[in-house]
Amino acid sequence: MDRSADLLYGPEPDPAGDAGHPDPPPRVGFFTDTTVCIGCKACEVACKEWNAIPEDGLSLTGMSYDNTGGLGASTWRHVAFIEQSRPVAAPAAGGPSPDGHEGHGHSPHGHAGQEPAGSAGTAVEAAPVAGGPPAPDGRTELRWLMSSDVCKHCTHAACLDVCPTGALFRTEFGTVVVQEDVCNGCGYCVPACPYGVIEQRPDDGRAFKCTMCYDRLGDGMEPACAKACPTDSIQFGPLDELRERAALRVEQLHDLGVPEARLYGHDPDDGVGGDGAFFLLMDEPEVYGLPPDPVVTTRDLPDMWRHAARAAVGLLGAAALAFAATATGKGPR
Amino acid sequence: MVDRAEFSSYYGRPVIKAPSWSAQDIAGYFFLGGLAGAGSVLAAGAQLTGRPGMARVLKTTSALAIAGSGALLVHDLGRPSRFANMLRVFKPTSPMSVGSWLLTGYAPLAGLAAVLNRAGRLPRVGAAATAGAAVVGPAIATYTAVLAADTAVPAWHDAYRELPAVFAASALTAASGAALLGSPYSETGPARAAALLATTTELALVRGMRKRLGPVAEPYEQGRGGRCMHAAEVLTGVGAAAAACSPFLPPPARRPTAAAAGLALLAASACTRFGVFHAGVASAEDPVYTVGPQRERLEERRRAAEAAAKNGGTSPGADPSVPPSGGDTAG
Ligand code: SF4
Ligand code: SF4
Ligand code: SF4
């Protein structure tokens, strides 16, 4: 099979090696177990402090306890808060997939703030969630989801693929980092990222995002956010180990009667070849602002070039035809 | 129509980030690049078929257009020195890198062709530059479609099959418009033919693209993107009709009619580029265009898996939605 096509899409066990690092250390990543997150935002603060990220506005968003808004040039960790007005429910077990009936009815705010009517009443019964979000004894109707979001350090990182300057590169740890002195502010990486992570700073136009604390990794330390997290919601380590640990954790939750627990971004077969930072979620990804089925755009790049080549030849052909038609007197005089 | 009832999001916030590019800079860049690239092709044709007036006009517009598009690019980057970083590496996975190198090759050719033509010197070198620009021109006109499509922006990425052809047709619309506007009427025959070809192709392509895109075509039909696309359609029709009618008019009316047709075609091409640009931004800013199609894809895969499980119940535990991880071992 075509090696270059492999490097654009599909499972890739050794991204650092493929990027030219001889003998790289094991690929590292984050496993964020959102069921134990308490929304303290210590991760956000530690990230800002360690990386000396400038302040980017103090505003009240009206989105639960989330006044950060989302990831961006100066927000590399973002804790999402989702208030769901239904009991902590055990959805009907054994359905073909939770996807089937979960995608609606308990969005924090439907699009444009509209709650789809009628569907919220389908929750069955309150069930305690062991180790999960606060599981009040059936008195409250509120389920509170919290999740600390971060750059996914994709196996196939669109931001890196499309960067024309080589500012974005794959480190020996398999992570994706921007070199500030090389970035020229073209902004191409921004719309390329399928997760909406990387962004340009308005003042100088250059792009910034999470480095997974590249400087700390180099010194054998764990990233600041993972270090600061009091609940171990953010776990850092070799990606292979994290994936095993995550699979066990989901199994455990399912056994405890939490069928909605699911992993997101853990699968090397997914559209980005698996995320270096993956999650255990309690609802559909889009509820947390994550794309449900992201695909690295460069998967289709060879095909795009083929279409462009065809169009270019078509342009030449059309021009030739126009001249030929006129020369033979068949076309417009 | 997209189904908004079945869709959830995080407080309605976008999932992906829209490009921060200014419409003027980048849509303008798409338009001028197309005008230049297709213009070089028509210029070479005009030169070969003995139409010096048309060749001169197109060589000049191509050189000016490519200079203008370079200026827009640098304006968007903020500082001229930043363009130098574009040429630090050559990355085939980055359409912007490929484009920067194409531009670096094309601009001097287009410039040389125009300058030598105006100066009337070194005709052989001029002819070589004209031919070179005509060869690279189509790439200049189409790579910008790949640049847009190679993003997570739904209205661009999902249109990647049609967008290069739409851009090529729109480029030819613009270049034939420039030829109609500036050439002596007696030499405009091929420009009129090219205009008819380009406009009919473009109208058909855009319709086909919208049809295939389904719900994601909405930003091409509504809002700012929709308004630009609609204006483009009207201007394209008017321009093509005027160009086609002009030979049947009394001689004194021909030249002004052709010039008006040319203006309409140029404006049509610009509107198409702005329409595509705004449609992309709108599709990035509304999470429904990101989440909806992805959710649909997952559902389809789930249904396929279910159907496969029903039919071939003999493979226990196999999840047909996941390709076998060893699938690429076939050498
Ligand atoms: S999540 Fe976005 S910014 Fe992070 S590595 Fe993937 S493509 Fe790049
Ligand atoms: S903005 Fe910087 S990091 Fe992003 S693609 Fe351009 S040069 Fe690369
Ligand atoms: S991830 Fe950890 S540090 Fe961040 S908000 Fe949750 S509990 Fe606090």
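As shown above, the structure is provided for reference.
Read on for an overview of the structure. (Residues numbered from 1 in each chain as written. Chains lettered and ligands numbered in written order. Predicted model: local features only at pLDDT ≥ 70, side-chain atom pairs only at ≥ 80, totals over all residues. Heavy atoms only, no water.)

Assigned secondary structure in chain B consists of 12 helices and one strand. Ordered by position from N to C terminus, the α and β elements of chain B give β-α-α-α-α-α-α-α-α-α-α-α-α. Each principal axis of the C-alpha distribution contributes one length, and for chain B these read about 75 × 50 × 40 Å. The 331 residues of chain B split such that 55% are buried. Residue pairs in contact within chain B that sit at least 24 positions apart in sequence constitute 76% of those at least 6 positions apart. Put simply, chain B shows about 13,100 Å² of open surface, and 65% of that area lies on carbon and sulfur atoms. (Helix = DSSP H or I, 4+ residues; strand = E, 2+ residues; numbered from the N terminus. Buried < 20%, exposed > 50% of the residue type's maximum accessible area, 1.4 Å probe, protein only. Contact = heavy atoms within 4.5 Å. Areas by Shrake-Rupley, 256 points an atom, 1.4 Å probe, with all protein chains shown as cover.)

Around ligand 3, 14 residues are found, and the nearest of them are A:Cys37, A:Cys40, A:Lys41, A:Cys43 and A:Cys229. Looking at the shell around ligand 3, its residues break down into nine nonpolar, four polar and one charged. (Near = heavy atom within 4 Å. Nonpolar A, V, L, I, M, F, W, Y, C, P; charged D, E, K, R; others polar.)

Residue and element names in this part refer to chain A. Of note, the phi angle at Lys41 is positive, near 65°, even though the residue is not glycine. On the secondary structure map, Lys41 appears in the loop between β1 (28-33) and α3 (42-50). With phi around 45°, His153 is a residue other than glycine that occupies positive phi space. With respect to the secondary-structure elements, His153 resides in the loop between β4 (142-150) and α5 (158-162). When its relative accessible area of 1% is taken as the criterion, His153 is described as buried.

This next bit is on the interface of chain A and chain B. Tallying the contact residues gives 88 residues for chain A and 83 residues for chain B. Interface of chain A and chain B: buried area, both sides summed, is about 6,900 Å²; carbon and sulfur atoms make up 60% of it. There are four salt bridges connecting chain A and chain B. Linking chain A to chain B there are 30 residue pairs in polar contact (both at pLDDT 80 or more). Mapped by element, the contributors of at least two residues to the side of chain A that touches chain B are α1 (3-8), β2 (77-85), α5, α6 (189-192), β7 (199-200) and α10 (301-327) of chain A. Here the side of chain A that touches chain B takes 16 residues from α10(A), the largest share from any one element. (Buried area = accessible area lost by both parts, 1.4 Å probe. Salt bridge = Lys/Arg side-chain N within 4 Å of Asp/Glu carboxyl O. Polar contact = N/O pair within 3.5 Å; in protein donor to acceptor, adjacent residues only side chain to side chain.)

Core analysis: the biggest nonpolar cluster contains 162 residues, and A:Leu168, B:Leu42 and B:Tyr220 have the highest contact counts within it. Ranked by residue count, the leading element in this core is helix α1 (residues 23-48) of chain B, at 14 residues. Both of domain 1 (15-89 + 99-295) and domain 2 (299-333) of chain A provide at least three residues apiece to this core. B:Leu42 has contacts with A:Ala319, A:Phe323, B:Met54, B:Leu58, B:Leu172, B:Ala175, B:Ser176 and B:Ala194, leaving out every residue within four places of it along the chain. (Core = buried A, V, L, I, M, F, W, Y, C linked by side-chain atoms within 4.5 Å. Domains from an automatic or database assignment.)

A few words now on the site of ligand 1. Every one of the 14 residues lining ligand 1 counts as a neighbour, but A:Cys151, A:Lys152, A:Cys154, A:Cys159 and A:Cys193 are closest to it. A class-by-class count of the residues in the shell around ligand 1 yields 11 nonpolar, one polar and two charged.

Now for the pattern of salt bridges. The full count for this structure, using the stated rule, is 19 salt bridges over all chains. Here A:Lys48 makes a salt bridge to A:Asp56, at a shortest N to O gap of 3.0 Å. The class for A:Asp56 is partly exposed, based on a relative accessible area of 42%. The shortest N-O distance in the salt bridge between A:Arg306 and A:Asp303 comes to 3.5 Å. With A:Arg306 and A:Asp303 both in helix α10 and three residues apart, the pair spans about one turn of that helix. Judged by its relative accessible area of 23%, A:Asp303 is partly exposed. Overlapping salt bridges bring together A:Arg262, A:Glu284, A:Glu286 and B:Arg295 as one network.

Everything listed here is a matter of geometry and, on its own, says nothing about what the molecule does.
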